[in-house]
Every structure is written in structure tokens, then in C-alpha cells.
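Here is how the chains run, residue by residue.
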Amino acid sequence: MIQVLVNGVFLGCLFAVVAVGLTLVYGVMEVPNFAHAGVIVLAAYTTWSVEHAGAPFVVAALAGIACGGAVSVLTEVLAYRWIITKPAAAPAVALGLLLILQNVALRLYGGEGRSLDTPYDTVLLKAGGVSLPGVKAALIVLAVLSLGALHLLLSRTSLGRAMRAVAQDRDAAAMLGIPMRRQYALAFLIAGMLGGVAAVAYAPTFQVSPYMADDVLLSAFVVVVLGGLGSVWGAVAGGLVLGVVEGLGAAYVSSAYQSAFGFLMLVLILVLRPGGLRTTDARRVA
Amino acid sequence: MRPRTLVTALSASALLVPLAACGSGSSGGDGSTVKVGAILSMSGIYSTLGAPQKKALQMGVEELNKQGFTVAGKKHTLAIEYADDKSDAATTGVTQLRELAQAQKLPVIAYGNGSDTYVPQLKRKPVAMLNLIDSVYPSILRLSPHFWRVRGDSPTYVPGCLYYAKRQLGVKSISVITAKGEGYGEGLTQLVDQSAKAEGVRVAASSQFPLGSTDYSNAIRAAVGAKPDAIYLSSVTAVILPVLKQLRQSGYTGPVIHSAGVNPNQAKDILGAQFNTIMKDNYDCAGTLPTTSDNPTAKAFAAAYQARYNEYPQDLTMWAHDFPFIVAAAMAKAGTTADSAKIEKALGEITVPQGTVSGWLPGDGQRLFTERMARTASEVTTWCSTGQTLASVMTFDVKNGAVVDPVLKKDVCK
């Protein structure tokens, strides 16, 4: 049972890091950012390339996270910014961007899987009959650190307060003189960097490939809806709940339908609490 | 003739000449170069299969064309029209099939993936299609009478896994991890269950994970928790290698068996720096590899392929290499280079063609195809850590679901 919960927490942390990036962008710009999966892919390939060129893993990881941020901002500057007054176009643009980013990766690196090596690949933590591979422990640590940093940014800095203001009421924020475009770019930058963290953290347990983030993105969207659209802490709670529910379902019903348990829970939550775990009348990012 | 009429006539001729040339060339009836088709995944996620298939086909065509082949007294050479299904047989592949079979009227087509998606088009325009890789169980041959397979299917090699595991590894119980929703893997699991029953090996646990998932810890926990003597991974290379990686990361050190045809290049790419450790105690039962085959022509092909392309030749490369020779033999037997129905009938009658390298096992009457399937010997390979490569530990054949003629090899990694 404890082993199942530990696995669930690992999955939950992964979902949370990806989902917070999605919900941040949704909160500020109301865009369902499917292209986030493409950002994760390019961040993972950048990490792989830099490491493959001989750089230490930490340097490669930082390069990957920076790439995630840069690509994410590019999607906002080159695409989303131009459709902000046409929200109905956002899903189509997001899907188009996803295809472009994945095919860029496919073109540059081919379809074969690549391994991202870390210094802790062979580490196995054991305590009281529960084991946790080093790569999974690292993901949990990275998730806690990055989400903690995000919390501080949103709650303790003027940048964060401005972002929350934009999320709550764009028109009012603009009237107060908050530079909107900078806030949009900032939201995409943070989301992209979180995508980079996710890529660096979970690629070592899986593989780097153009389609590596599709499944995770789907789960992350479930988390976003579960947690309440635009709610950062709802996404964190939703991620952990989804991870644990999937783990328990897989352990006690069937691992073949692991993803289905998440969707089942989504339906239940939507029936019982249509606004998600953290209901809010306004969009928000905290 | 008035200038305007002359211009019109010349324009019409200019249009008709290439069309006529195109028509005769594509039907393969011009007495010199015969054209056939190949729909391969040369880009996209399955380009790991399509690209080496194309390379091997090119080698086969070059080899065949050194001598050419004779049909109804006329000497011919062969050319292949390659089409990329972009790893999407259902849309791009079907369009390519329509183009090759219906528009260009090519009499024979080689292909890799997507058999089920081609069936409706084959009903509209029948053409002989030779599959170079798909050994899924139940067989693709049940889908259409126009499918032929240039390789043995899963039942010709899976029984060898359990046979070897029981007798050489002392395995009494086995856990199976399957990619749910992946046809090849699900078929393998059925066959492993049957073979385990036949061999008296207990299936300790059978767990699954959804295809496309990135974390397999729940399936792994169920499989390892049953404390089996070995674990069988049911799926294709791109899926099982990440599972294998997580399996080793979870602390499991026992034998791992699969039928994925993993080669050293793939192991290194997908498993990374630890690949040699992760691949330890790994057993792969499938068709013979050209590198590990006892057949000297297969070995020579493997050396030539490696020298030319600087990559490890997968098993599918030798089957692809032989495709042009098989087509040429069928055309010679049929006495036509254009009539697909006659060529297809001849496929069922030809013996193993000269020039092939795969070491085909002929069936009744020395025929290459038995019930539309040509096959080579099967083998179990093991990972040799010292050489960081594969070595054959047992070759065998399967008849009526049971291993026959097993040849065990010792000290293969030395």
C-alpha cells in the first residue's frame, strides 16, 4: 500500500508540474495550451543535445529549462498574442503549434527514442520495504522546489501580484497600468520553464522522443479541470489526487486501465463539484 | 497546317508522350525495367523500421540487377517506386497504396505496417502485397488473400522463449508485462500463456500498462511482486526498452525475456549510458538476425550492410533484401511482369530464389511460401556484456506449436 502511494505521489508531482504550467497560461490568457507538450519535447531534446555534447548534466538541465521557457515565450509572441481577442481560435492554434513543435523535433532528431542520462540513474532508495529509484526521487524534489519557488513568486513579488491581477480581471488590470503583454510573456515563460523542469525530471525514467509528452499532457489537462481552471494550488492538489487515484486503481483493479481511473474521477468531480476542487468565480493563478 | 493548329498538336503531343511513357513504365511491361512498389515508414515514429528496409531493398535491387532476370524470354531489371506512409498507414499509407496500385498499376507492393487499413483498398483493386515485418498474432494473412508475409509469424518463435527459459535458465515461473492496446504485444502474451502451459511453466503474474503511458511502475510492481524466476516483456522495441529501463531502475535483477528484436544500437540510444548493465541477463527470441545467423550468405549480407551504412542490420533488413529476388522469381514463373493476379498465383509456387540471403526454410515441395508465409529459422539471443552485442544461444524451428530441432550453443560470448 505504501509503495502504491509513493508511486502515486511521484506521478502526482509530474502531473502537477505540467498542469501548473497549463493552468497559469489559462488563468492569464484563457488559452488551452496543447503546445505545452511540444515545449516539453524540445526542452528534453535540448537537454539531451547539450549533455551529448559533453556538458555536465546540471548544465544540460539548465539549458533544457531555459529552452522550455524560450520556446514557450515564442509561442505566445508568434501565435497566441495575435488571437487574444478571438478565444474561439485558441484551441486550433494550440493544436497547430503542438504539431509544429513535435515535427521540428522529429525533423531534427528523428523518431528514435533517446536516453537522458543522469548522475543518479543507478540510485535506489529503500526504506521499510518501500523502494524509490533515484530518478523518481529527483522528480519529486524538483517538483517541490519549482512549485515552492512559483508560490513565492506569485505571493511575494510585484510581478506575481500583477499576474494575479491580470488573471482576475484583465480590463481592470490594464486600467491600473499593468503592462499586459509583459504579463502574458511572463506567464508563458514560467509555464515553459516548468515544462522544462518536467522534461528534465521525467525523461530519465522514460525516453526522449517527439511524442514523449502526449500522455502526460492529457493527464495534466485532467488535473487542470479537476483543480479548477486557472487555479495553481488546485492544479497541485489535483495532480497529487490524480496520481494517487491512478496508482490505487492500477494496484487494486487493473494496471491496464490506469489512465481510465483519472477520467472516471474527472467525471465524478465534474458531477459533484462542477467548478473543480478549488471552485472560483474568477480566473486566478494563485 | 496553320500555326495555331500546329501549336495545339505539338502541345497535345508533348502532353501525351510522357503520359504514354509513364503508363508503360509503371505497368512494368516495357521489356527492360520493371517497376514495383514499396510503402514504407520512412519518416515519423516508425522510421526506425522504414529507413533500414529501404536501404536493404536498395541493396537487393542492385544485387538482382547485376544479372537481371528473364521473363518470357525477355531480360529485365527491377526498380522500386518508394512511397512514404509517414508512419500513418491509415491516411497517408492508403493514399500511397491507391497511387501505386490504382494509378500506376504496379503489380506487386512491399510494405511494413498498417495491414488492416489497406484491406478496403485491396477489395477495390487487388494487388499482391508482401509484408516485410509484421509478425503479429493472430496473423495479418487472415485479413486479405492478397497479403503475403516475407517472415515467420510470432508462433514460429515465441515457443522457443519458454523452451529455452525452462531448460537453460531453470525458469519455473514467469511474469508477463504487456502493453495494453498494442496488437503485437497482446498477441505475444497469448502465445506466452499457451507456451508456458505446454512447458509446465507457471505464469506468476500478468500485468498490463496502457499503450502510450510513460510510467510503468504499477505494472512492474505487480510483475515483480509475484517473485517470478523471469519476466517476459510483450511489445515492440520502442515500448519495451523504456519498460526494461524502469524495471532495472526498480531494482529487479533477474532474467528478462522478450521478442522485440532489440539491436545494440537501439539499446544504446534508448537505454543510455547504463545500457550494458540494463541489457545484462536479457534474452530475445525472434527470427534469426543476419549477424547471428549460421547462414554464411546472411552473415555476408550483414557485413556488407554494416560496411555500407555503418549501422547494425536488424532482422527485417535481410527479408527486405530478398524481396526483389522473390518478385523476380514470381514474375519469371508467371511469365508476366504486369499481371498482378498471375504473379500472385506464382508466388505460391516458387521455390527459394537464388540470390536470397535470409536462409529461408522451404515448405512442402520446396516451396518458399506455405500458406502465404515464408519463414527463416528462429533463435534465442543473449546479451554479451563484454562485447556489448548479441549472440545466438539457440536456433530452433517450431512445428504445431512445439520447438523442434533445437541447436544449443555454449560459451557464445567468449
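As the structure is a prediction and not an experimental result, all values here were calculated from the model. (Residues numbered from 1 in each chain as written. Chains lettered and ligands numbered in written order. Predicted model: local features only at pLDDT ≥ 70, side-chain atom pairs only at ≥ 80, totals over all residues.)

So, the overall build of chain B
In plain terms, the rule: Helix and strand definitions follow DSSP, with helices as H or I runs of at least four residues and strands as E runs of at least two, each counted in order from the N terminus. Every radius of gyration here is taken over C-alpha atoms, with the globule rule written as 2.2 Å times N^0.38, N being the number of residues. Exposed residues have 12 or fewer other C-beta atoms within 10 Å of their own C-beta, buried residues have 20 or more, and residues in between are partly exposed; the C-beta atoms are placed from the backbone. In this description, any two residues whose backbone-derived C-beta atoms lie within 7 Å of each other are considered to be in contact.
Helix and strand counts for chain B come out as 13 helices and 15 strands. A globule of 414 residues ought to have a C-alpha radius of gyration of about 22 Å, and chain B, at 23 Å, matches this closely. In terms of principal-axis extent, the alpha carbons of chain B reach across some 90 × 45 × 40 Å. For chain B, the proportion of its 414 residues judged to be buried stands at 55%. Partitioning the contacts of chain B with sequence separation of at least 6, the portion at a separation of at least 24 is 65%.

Remarks on the domain arrangement of chain B
Interface extent is often summarised as the accessible area lost during association of the parts. All names here are of chain B. Counted only if it meets this: Residue ranges for the domains trace back to a domain assignment, done automatically or taken from a database. Put simply, Ala, Val, Leu, Ile, Met, Phe, Trp, Tyr, Cys and Pro go in the nonpolar bin, Asp, Glu, Lys and Arg in the charged bin, and everything else, Gly too, in the polar bin.
We note that the domain assignment places domain 1 (23–153 + 314–374) and domain 2 (158–258 + 262–292 + 378–408) within chain B. For domain 1 versus domain 2, the distance between C-alpha centres works out to 30 Å. Contact residues are listed per partner, giving 11 residues for domain 1 and 13 residues for domain 2. Taken together, the residues that form the side of domain 1 that touches domain 2 break down as 5 nonpolar, 4 polar and 2 charged.

Overview of the pairing of strand β2 (residues 130–133) of chain A
Residue and element names in this part refer to chain A. Rules: In short, DSSP must find at least two bridges between two strands for them to pair.
In this structure, strand β1 (residues 124–127) lies alongside β2, joined through 4 bridges in antiparallel fashion. Each residue of the ladder has a partner; that of Lys126, found in β2, is Ser131. Connecting the antiparallel pair β1 and β2 is a turn made up of 2 residues, with Gly128 showing a positive phi of about 55°.

A word on the interface of chain A and chain B
If you look at the interface, chain A gives 35 residues, while chain B gives 32 residues. When residues of the side of chain A that touches chain B are traced back to their parent elements, those giving at least two are α1 (2–29), β2, α9 (214–227), α10 (232–252) and α11 (258–272) of chain A.

What about the nonpolar core?
The nonpolar side chains of soluble globular proteins are, as a tendency, buried together. The following threshold applies: One nonpolar core equals one set of buried Ala, Val, Leu, Ile, Met, Phe, Trp, Tyr and Cys residues connected by C-beta atoms within 7 Å.
Core analysis: the largest hydrophobic core is formed by 99 residues, its most contacted members being Leu14(A), Ala16(A), Val17(A), Val20(A), Ala44(A) and Ala187(A). In terms of residues, this core owes the most to one element, α1(A), which gives 18 residues. Contacts of Val17(A), omitting those with residues within four sequence positions, involve Ala143(A), Ser146(A), Leu147(A), Leu194(A), Val197(A) and Ala198(A). Membership of the second largest hydrophobic core comes to 64 residues, among which are Tyr46(B), Val71(B), Val108(B) and Tyr111(B).

Here's the deal with the environment of Val239(B)
All names here are of chain B. Looking at the secondary structure, you find Val239 in helix α8 (residues 237–249). Judged by local crowding, Val239 falls into the buried class, with 23 C-beta atoms found within 10 Å. Separated by 55 residues in the primary sequence, Val239 and Asp294 have C-alpha atoms spaced 29 Å apart. With sequence-adjacent residues up to four places away left out, Val239 is seen in contact with Ala179 and Glu182.

Topic: the packing of α1(A) against helix α5 (residues 134–156) of chain A
Residues and elements named next belong to chain A. Selection rule: For helices, the fitted line uses only the C-alpha atoms of the stretch in contact; every axis is such a line through C-alpha atoms, and the angle between N-to-C directions lies from 0 to 180 degrees. Throughout, a crossing is termed right-handed when the near helix is turned clockwise from the far one, and left-handed when it is turned anticlockwise from it by less than a right angle.
Interhelical geometry of α1 versus α5 gives an angle of 40° and a closest axis separation of 9 Å. Our pair here, α1 against α5, has a crossing hand that is left-handed. Between α1, through Val9, Phe10, Cys13, Leu14, Ala16, Val17 and Val20, and α5, the contact on the second element is made entirely by Lys136, Leu139, Ile140, Ala143, Ser146, Leu147 and Leu150.

What to know about the pairing of strand β1 (residues 33–40) of chain B
Residues and elements named next belong to chain B. In terms of burial, β1 is largely enclosed, as 7 of its 8 residues are buried. Examined bridge by bridge, β1 and strand β3 (residues 74–84) share 8 bridges and lie parallel to one another. Along β3, the bridge assignment pairs Val34 with Leu78. Across 3 bridges, β1 lies against strand β4 (residues 108–111) in parallel orientation. Residue pairing in the sheet places Ile39 in a bridge with Tyr111 of β4.

Observations concerning the environment of Leu153(A)
All names here are of chain A. Here Leu153 shows up in helix α5. For the pair formed by Leu153 and Met163, sequence separation is 10 residues and the distance between their alpha carbons is 9.9 Å. Setting aside chain neighbours within four positions, we find Leu153 in contact with Leu159 and Gly160.

So, helix α4 (residues 115–124) of chain B
All names here are of chain B. Here is the rule we go by: Here, the arc refers to the directions that run from the helix axis to the C-beta atoms.
By the burial criterion, the buried members of α4 are Ser115, Tyr118 and Leu122. Burial along α4 is one-sided: seen end-on, the buried residues are contained in an arc of 60°. Opposite the buried face of α4, at more than 90 degrees from it, the exposed residues are Pro120, Lys123 and Arg124. The inward-facing, buried residues of α4 contact α3 (89–103), β5 (128–131) and β6 (147–150).

Describing unusual backbone geometry
Residue and element names in this part refer to chain B. Geometrically, the link from Tyr137 to Pro138 is a cis peptide bond, its omega value of 0° lying close to zero. Positionally, Pro138 belongs in the loop between β5 and β6. The backbone of Asn310 shows a phi angle near 55°, a positive value even though the residue is not glycine. Here Asn310 lies in the loop between α11 (296–309) and α12 (315–334). Of note in the backbone geometry, Asp405 takes a positive phi value of approximately 50° without being a glycine. With respect to the helices, strands and loops of the structure, Asp405 is situated in strand β15 (residues 402–408).

Describing the sheet that holds strand β13 (residues 378–384) of chain B
Working definition: the strands of a sheet are paired by backbone hydrogen bonds and lie parallel or antiparallel to each other. All names here are of chain B. Strands sit in the order β8-β7-β9-β10-β11-β13-β14-β15 across an open sheet of 8 strands; the sheet is mixed. Two strands bound the open sheet, and with one partner strand each, they are β8 (202–210) and β15. Within the sheet, the average angular offset between the axes of one strand and its neighbour, ignoring direction, is 25°. Strand direction decides the pairing type here: strand β11 (residues 282–287) and β13, joined by 5 bridges, are antiparallel. Looking at the pairing, Tyr283 lines up with Thr382 of β13. Together, β7 (173–180), β8 and β9 (230–234) form the strand contacts of helix α7 (residues 217–225), whose direction differs from that of β8 by roughly 175°.

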